[in-house]
Amino acid sequence: MQHKPDVAIRSLLGGPPEIVPVPSIAETKGLATDDAHLRMDPRILTRINDVVSVLQQDYTKVLLTHVADLERAYIDWKSGTQDTRAKIYDIAHDIRGVAGTFGRSLSGQIATRICALFDQTPHAIPAIDDHIDALNQVANLSPEPEGAFAQLVLNRLDGAADQLQMPAPDEKAGG
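Residues numbered from 1 in each chain as written. Predicted model: local features only at pLDDT ≥ 70, side-chain atom pairs only at ≥ 80, totals over all residues. Heavy atoms only, no water.

A.B. asks: I'm lost on the packing of helix α5 (residues 105–120) against helix α6 (residues 129–139) in this one. Help?
C.D. replies: For any two helices packed against each other, one specifies the crossing angle of their axes together with the interaxial distance. In the contact formed by α5 and α6, the axes pass within 9 Å of each other and the chain directions differ by 165 degrees. Between α5 and α6, the angle falls in the class roughly antiparallel. For the pair α5 and α6, the crossing hand works out as left-handed. Between α5 and α6, the contacting residues are L106, S107, I110, R113, I114 and L117 on the first element and H131, A134, L135, V138 and A139 on the second. In terms of residue class, the contact of α5 with α6 is built from eight nonpolar, two polar and one charged. (Axes fitted to C-alpha atoms, helices over the stretch in contact; angles between N-to-C directions. Helix = DSSP H or I, 4+ residues; strand = E, 2+ residues; numbered from the N terminus. Parallel < 35°, antiparallel > 145°, perpendicular 65-115°, else oblique. Left-handed = near helix turned anticlockwise from the far one by under 90°. Contact = heavy atoms within 4.5 Å. Nonpolar A, V, L, I, M, F, W, Y, C, P; charged D, E, K, R; others polar.)

Encoded structure:
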């Protein structure tokens with residue numbers, strides 16, 4: 001008796017891909033947790049990782065384009081062009097919303113800080129030169145820094161932003 005090729009391959013590799021939901025009785029009896037276990041064919045997981053890797057590489061190009069647009073918008077604002085504040089915020093908002101999904105969490109956190117500076121100073125654009133410079137440098141790195149180095153970058157940006165928001169000593173004295 002001849003086997004179909006796909007049947008022979010599946011039995012050789014351990015069966016077809018399978019996702020197994022938790023039975024409803026386990027949920028009603030309180031035996032299931034929120035992180036129910038699923039089994040998935042390792043070949044599918046490998047394929048998913050390959051696709052995500054390609055998307056991460058593509059997003060790096062998109063991120064570099066966003067950073068270039070952010071720099072141009074900031075230069076336009078400095079030269080007095082109207083409506084660039086909203087454009088800068090929108091670009092930073094886009095970066096912060098998507099960057100972490102593609103393994104660019106530091107870029108997303110820097111963009112989050114840009115948005116926070118805008119939220120804290122609603123009637124004026126804050127000085128975000130340091131943030132844009134850091135974002136430009138980080139966007140050109142692959143893989144993006146993580147851990148202690150990433151925290152150091154964020155701490156320095158936070159320190160620079162705090163100094164910008166503090167009034168100068170002569171402003172406190174009323175002069």
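So much for the structure itself; the text now carries on.
A.B. asks: Sorry if this is basic, but what is going on with the pattern of salt bridges here?
C.D. replies: Pairing of side chains with opposite charge becomes possible as their charged atoms draw close. Inspection of the entire model under this criterion finds four salt bridges. Close ionic contact of D69 with R72 constitutes a salt bridge, the shortest N to O distance being 2.3 Å. Residue D69 and its partner R72 are both found in helix α3 (residues 42–78); the two are separated by three residues, about one turn of the helix. Owing to a relative accessible area of 24%, D69 belongs among the partly exposed residues under this scheme. The partly exposed category is assigned to R72, whose relative accessible area is 48%. Salt-bridge contacts for E144 lead to R104; the nearest nitrogen and oxygen are separated by 3.2 Å. Placement of E144 in the loop between α6 and α7 (147–165) and of R104 in the loop between α4 (84–98) and α5 is noted, with a sequence separation of 40 residues between them. Across this residue pair, the class does not change: E144 and R104 are buried. (Salt bridge = Lys/Arg side-chain N within 4 Å of Asp/Glu carboxyl O. Buried < 20%, exposed > 50% of the residue type's maximum accessible area, 1.4 Å probe, protein only.)

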